[in-house]
Amino acid sequence: MTADKKTLIACLSKQETIVLPNTIETIGKEAFEGAKEVLSVILPYGLKYIRRSAFSGCSINCIDIPENIRYIDSDTFYGCDNLKSLTIRCPYSSLGFSSFSGISLTEVYVKQDFDKYKELFNEQSVKLLTNTMNS
């Protein structure tokens, strides 16, 4: 983590669940790359940027992307073979080219831009995020 605690540079933890502190605004390039022990990462509400290949090849199985995200870089989740469920609360315009390439999702929940996400992912896997899931 940087000295100002705003950027996560690398995850060195061997825990299955990582809860990122609320001070984190950026997850750096390749921060979780290849982290096979990490199954779940709880992203803070104030997170703004997820850099290139941040989660590439790690073992997370689901993730909830907060609505304040401004940009998700390319290949962010490339090779996350265990990632099956994704909740996206941020606008479609926040996604970089191929942010979610190389993964086979079975469930994608979106808060907005439903039709655009249906084009991006397998149409059957995309579901509109309901108010009961809106926590």
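Residues numbered from 1 in each chain as written. Predicted model: local features only at pLDDT ≥ 70, side-chain atom pairs only at ≥ 80, totals over all residues. Heavy atoms only, no water.

## What about the confidence of the model for the protein chain?
Detail in the predicted coordinates should be disregarded across regions flagged by low pLDDT. Per-chain confidence: the protein chain averages 86 in pLDDT, with 92% of residues scoring 70 or above. For the protein chain, the element scoring lowest by mean pLDDT is strand 10 (residues 126–128), at 74; strand 3 (residues 26–27) scores highest, at 97. (pLDDT = per-residue confidence, 0-100. Helix = DSSP H or I, 4+ residues; strand = E, 2+ residues; numbered from the N terminus.)

## A closer look at the side chain of S56
Within the secondary structure, S56 sits in the loop between strand 5 (49–50) and strand 6 (62–65). Those residues within four positions of S56 in sequence are excluded, and the remaining contacts are F32, E33, G34, D75, T76 and Y78. (Contact = heavy atoms within 4.5 Å.)

## Notes on the sheet that holds strand 5
Here we have four strands laid out as an open sheet, ordered 1-3-5-7, and parallel in their pairing. Either end of the sheet is taken by a strand with one partner, and the two such strands are strand 1 (7–8) and strand 7 (71–72). (Pairing = 2+ DSSP bridges.)

## Some words on the pattern of salt bridges
Inspection of the entire model under this criterion finds five salt bridges. A salt bridge links R89 to D64, with the shortest nitrogen-to-oxygen separation between them at 2.8 Å. On the criterion of sequence distance, the pair formed by R89 in the loop between strand 8 (85–88) and strand 9 (107–110) and D64 in strand 6 is long-range, its members being 25 residues apart. Here E67 and K111 are joined by a salt bridge, their closest N and O atoms 3.0 Å apart. With E67 in the loop between strand 6 and strand 7 and K111 in the loop between strand 9 and helix 1 (114–120), the pair connects residues that are 44 residues apart, well separated along the chain. Exposure remark for E67: the relative accessible area of 33% places this residue in the partly exposed category. (Salt bridge = Lys/Arg side-chain N within 4 Å of Asp/Glu carboxyl O. Buried < 20%, exposed > 50% of the residue type's maximum accessible area, 1.4 Å probe, protein only.)

## Examining unusual backbone geometry
If you check the backbone angles, K5 has positive phi at about 60° while not being a glycine. With respect to the helices, strands and loops of the structure, K5 is situated in the segment before strand 1. The class of K5 is partly exposed, set by a relative accessible area of 46%. Of note in this structure, E30 is not a glycine but carries a positive phi near 60°. Tracing the backbone shows E30 in the loop between strand 3 and strand 4 (40–42). Residue classification places E30 among the partly exposed positions, given a relative accessible area of 37%.

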